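Observations on chain architecture
Okay, here's what each chain looks like letter by letter:
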Amino acid sequence: MDYTQVLIKPLISEKGTFLKEEANQVAFFVRKDANKIQIKKAVEEAFGVKVEAVNVVVKKPLATMVTRGRRRQASRLPGHKKAYVTLAPGSKIEFFEGV
């Protein structure tokens, strides 16, 4: 599988920036069928860095009820898979350079 198919997008959030600065970790949304080895190879190939470890978190789809006026409708929130990638010391990924 090509690295462009494994990595969907980087996770840019307050927690993500904290992890990037403090623990040298970067978070990505990844495909649901990707494993840790594929994620590691994809990050190393895409950004040219050395990866130490990969931790994966899977969020299951969630069924909810939405109230619209007097009606209640069942809806579904999609699930996703996130990968927290720990980079080797001295490696760095910059998403927004010069900002």
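Read on for an overview of the structure. Note that this is a predicted model, so its numbers are computed, not measured.

**Focus on helix α3 (residues 36-47)**
Relative to the 16 Å expected for 12 residues at 1.5 Å per residue, α3 spans 16 Å between its end C-alpha atoms, a close match to the ideal helical length. Within the span of α3, buried status applies to I39, A42 and V43. Taken end-on, α3 shows its buried residues confined to a sector of 95 degrees, consistent with a single buried face. The outward face of α3, more than 90 degrees from its buried face, is lined by the exposed residues I37, K41 and E45. Positive backbone phi, at 70 degrees, marks G48, one or two positions downstream of α3.

**Let's talk about the sheet that holds strand β6 (residues 80-87)**
Strand order in this open sheet of 4 strands is β1-β2-β6-β3, and the pairing throughout is antiparallel. The open sheet has two edge strands, β1 (7-10) and β3 (51-59), and neither has a second partner. The sheet shows a mean angle of 30 degrees between the axes of neighbouring strands, taken without regard to direction. Taken together, the 3 bridges between β1 and strand β2 (residues 25-30) define a ladder with antiparallel strand orientation. Pairing of P10 across the sheet is with F28, part of β2. Sitting on the sheet, α3 is in contact with β1, β2, β3 and β6, with an inclination near 125 degrees to β3.

**Some points on the nonpolar core**
Ranked by internal contacts, the top residues of the largest apolar core, which has 16 residues, are F28, I39, V43, V85 and L87. Within the residue set of this core, elements represented by two or more residues are β2, α3, β3 and β6. Every residue in contact with F28, bar those within four places of it in the chain, is listed here: L7, K9, P10, L11, V43, F47, K81, K82, A83, V85 and F95. Formed by 5 residues, the second largest nonpolar core is a distinct cluster that contains L11, L19, A27 and Y84.

Conventions used here
Residues numbered from 1 in each chain as written. Predicted model: local features only at pLDDT ≥ 70, side-chain atom pairs only at ≥ 80, totals over all residues. Heavy atoms only, no water. Helix = DSSP H or I, 4+ residues; strand = E, 2+ residues; numbered from the N terminus. Expected span 1.5 Å × (residues − 1). Buried < 20%, exposed > 50% of the residue type's maximum accessible area, 1.4 Å probe, protein only. Arc of directions from axis to C-beta. Pairing = 2+ DSSP bridges. Axes fitted to C-alpha atoms, helices over the stretch in contact; angles between N-to-C directions. Contact = heavy atoms within 4.5 Å. Core = buried A, V, L, I, M, F, W, Y, C linked by side-chain atoms within 4.5 Å.

Without other data, these values stay purely geometric and don't point to any function.
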